[in-house]
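Overview (structure and organization)
Spelled out, the chains give:
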Amino acid sequence: MGQGLLHDVRPVIRLDADVLVVGGGAAGLATAVTAARNGLQVIVLERYGFCGGGAVAGLSGTVCGLYSATENNNGPEQVVFGFADEFVRRLEGAGGLAGPVRYGKTLTRVHDPIMWRETADAMLVEAGVEVLYHTVATRVLMDGDRVEGVQAWSKQGPLDIRARIVVDASGDADVVAMAGLPSFVGDNGRVQNPTMIFRLGGVDVEAFTAVYGEDTIMPAQVSAMIADANASGRFTLPRSKIWLFATTHAGELLCNCTRITGADGRELNTLFYKDFAEAEVRGRQQMREYARFFRENLAGCGRAFVIDTGVQVGVRQTRQVEGVKKLGNNDVVQGTKFTDGIARSPWPIELHSGSKPRVEWLLDDVYEIPYGCFVPRQGENLLVAGRCLSAEHEAVASARVTAQCFSYGHAVGHAASIAVRDNIAPRDISGRELRDVLNRDGARLDA
């Protein structure tokens, strides 16, 4: 039997841009729109037929990280602005965003995933971004340690995309990995487990809320019921502390409750194709178990039914870049500020492992994320944006959420614009000057 040869007779299509953004999640969207508004030619490469990343494909369903956490009952205090605030206002104006709801000691907002996609589409079109949906980066184009672009797969044929600045907003640091640049995975390879989020219809939300309260983190009585049901053997419910959110639709709950591990008990790592496939199958199995438990045991859920799940499991953590700087666990819990801080966050460390996720709050304060967390320690012409930033294991359990990913993209979009306009390397951009640019563009980092 002869050796197979790589073969594709279709012609390679060459595309050129000032900025290439790989990944259309919250960070990629913000990067692309910001750079395009600065007059640059921008291409976004996205594997799905829509933008949204974990917020939409993973159905995380909430815009977390906008509001401070507090034990005072003084109402919501928004502390994150800029692109995040603009997107929220546009989505709210379209009827696709619920008002702030209680999430432990802070607040979050539930969105309509279809309207999220449409809002992203509109912003990209208005900014003049060229969007390549259903397209996957397969190789990186290098000149020494300089990233020149990527090769990509599309239905039409292979693409050769060149850009003056490449932004890895893949969530998994795919470009970083293909280029062989320094990266790391979780805590010595251990990552937080993925989850299969789903929407439940047919719920009497008023009756549900009357019994369990307004907090979307379910009370201890629900956790105890789940633990007892799991111990009885009648259900397979490996996670007892769960989040249930009323959505923008009547009679609907967004359910973040599964804990997906392998048949051998391992935390699954979706960087491995076998783990990714196993997570999808086991995630759907768990979804059915939790939905059945809710119908049989929770107030208002007697006639509930599953509407849909995420297009894929929600991924919390995989590969991250080794950056010029690294956000530390202590930076989060101590509210550290940086002179080159280009984003701020009030969100707690939300560490998912075991049957009960651990939440560690930062009260009445924010921490900042420095620009160097998005600049690779090695490699030129490349920036990262989103949850593949350079951050320690517990720090990324806070820094990965949606409002902050919008903020990262806002900053990286401006950094890419400065690099192209001034013909300088991203690592030579002053984080302090970038902070000033962001403040002029509504980020309010010094508010």
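As recorded in an unreviewed UniProt entry, the chain goes by the name FAD-dependent oxidoreductase, listed as coming from Devosia sediminis.

Read across the sheet, three strands follow the order β3-β5-β4 without closing on themselves; strand pairing throughout is antiparallel. In this open sheet, the two edge strands, each paired with only one partner strand, are β3 (62-63) and β4 (101-103).

With that settled, consider the environment of Thr62. With respect to the helices, strands and loops of the structure, Thr62 is situated in strand β3. The class of Thr62 is buried, set by a relative accessible area of 6%. Sequence spacing of Thr62 and Asp112 is 50 residues, and the spatial spacing of their C-alpha atoms is 8.8 Å. In this structure, Thr62 is in contact with Thr108, Arg109, Val110, His111, Phe245, Leu254 and Thr402, ignoring residues within four places of it in sequence.

Taken in spatial order, the four strands line up as β12-β13-β11-β14 in an open sheet, and their pairing is antiparallel. Two strands in the sheet have a free side with no partner beyond their single neighbour: β12 (243-246) and β14 (305-309). Averaged over all adjacent pairs, the angle separating strand axes in this sheet is 30°, with direction ignored. Alignment of strand β11 (residues 198-201) against β14, held across four bridges, turns out to be antiparallel. By the bridge assignment for β14, Gly201 is matched with Phe305.

Next up on the list: the nonpolar core. For soluble globular proteins, the rule of thumb is that nonpolar side chains tend to be buried together. Counting residues in hydrophobic clusters, the biggest one holds 104 residues, and the most contacted among them are Val19, Trp116 and Ile161. Top element by residues in this core is helix α11 (residues 402-422). It accounts for eleven residues. Excluding anything up to four places from it in sequence, Trp116 contacts Ala26, Leu29, Cys51, Gly52, Ala55, Val56, Phe87, Leu91, His111 and Phe406. Formed by 26 residues, the second largest nonpolar core is a distinct cluster that contains Val203, Phe235, Ile242 and Ala291.

Let us now look at the packing of aromatic side chains. Applying the stated rule across the entire model yields 13 aromatic pairs. Here Phe83 and Phe406 contribute two aromatic rings whose centre-to-centre distance is 5.6 Å and whose plane-to-plane angle is 45°, an arrangement assigned as tilted. With Phe83 in helix α3 (residues 83-93) and Phe406 in helix α11, this residue pair connects regions lying 323 residues apart in the sequence. For Phe83, a relative accessible area of 2% corresponds to the buried category. For the ring pair Tyr103 and Trp243, a centre distance of 5.6 Å and an interplane angle of 70° mean the geometry is edge-to-face. On the criterion of sequence distance, the pair formed by Tyr103 in strand β4 and Trp243 in strand β12 is long-range, its members being 140 residues apart. Neither residue differs from the other here; Tyr103 and Trp243 are each classed as buried. An aromatic cluster of at least three residues, connected via ring pairs, comprises Phe83, Phe87, Trp116 and Phe406. The ring of Phe184 has Lys326 sitting right over it, with the charged end atom 4.1 Å from the ring centre.

Note on placement: Glu380 falls in the loop between β19 (367-370) and β20 (382-384). Note: C-alpha distance between Glu380 and His111 (269 residues apart in sequence) is 37 Å. Dropping the residues within four chain positions of it, Glu380 is found in contact with Asp145, Arg146, Val147, Ala425 and Arg427. A polar atom in the side chain of Glu380 sits 2.9 Å from the side chain of Arg427.

About the cut-offs
- Residues numbered from 1 in each chain as written.
- Predicted model: local features only at pLDDT ≥ 70, side-chain atom pairs only at ≥ 80, totals over all residues.
- Heavy atoms only, no water.
- Pairing = 2+ DSSP bridges.
- Helix = DSSP H or I, 4+ residues; strand = E, 2+ residues; numbered from the N terminus.
- Buried < 20%, exposed > 50% of the residue type's maximum accessible area, 1.4 Å probe, protein only.
- Contact = heavy atoms within 4.5 Å.
- Axes fitted to C-alpha atoms, helices over the stretch in contact; angles between N-to-C directions.
- Core = buried A, V, L, I, M, F, W, Y, C linked by side-chain atoms within 4.5 Å.
- Phe/Tyr/Trp six-rings, centres within 6.5 Å; stacked < 30°, edge-to-face > 60°.
- Lys NZ or Arg CZ within 6 Å of the ring centre and 35° of its normal.
- Polar contact = N/O pair within 3.5 Å; in protein donor to acceptor, adjacent residues only side chain to side chain.

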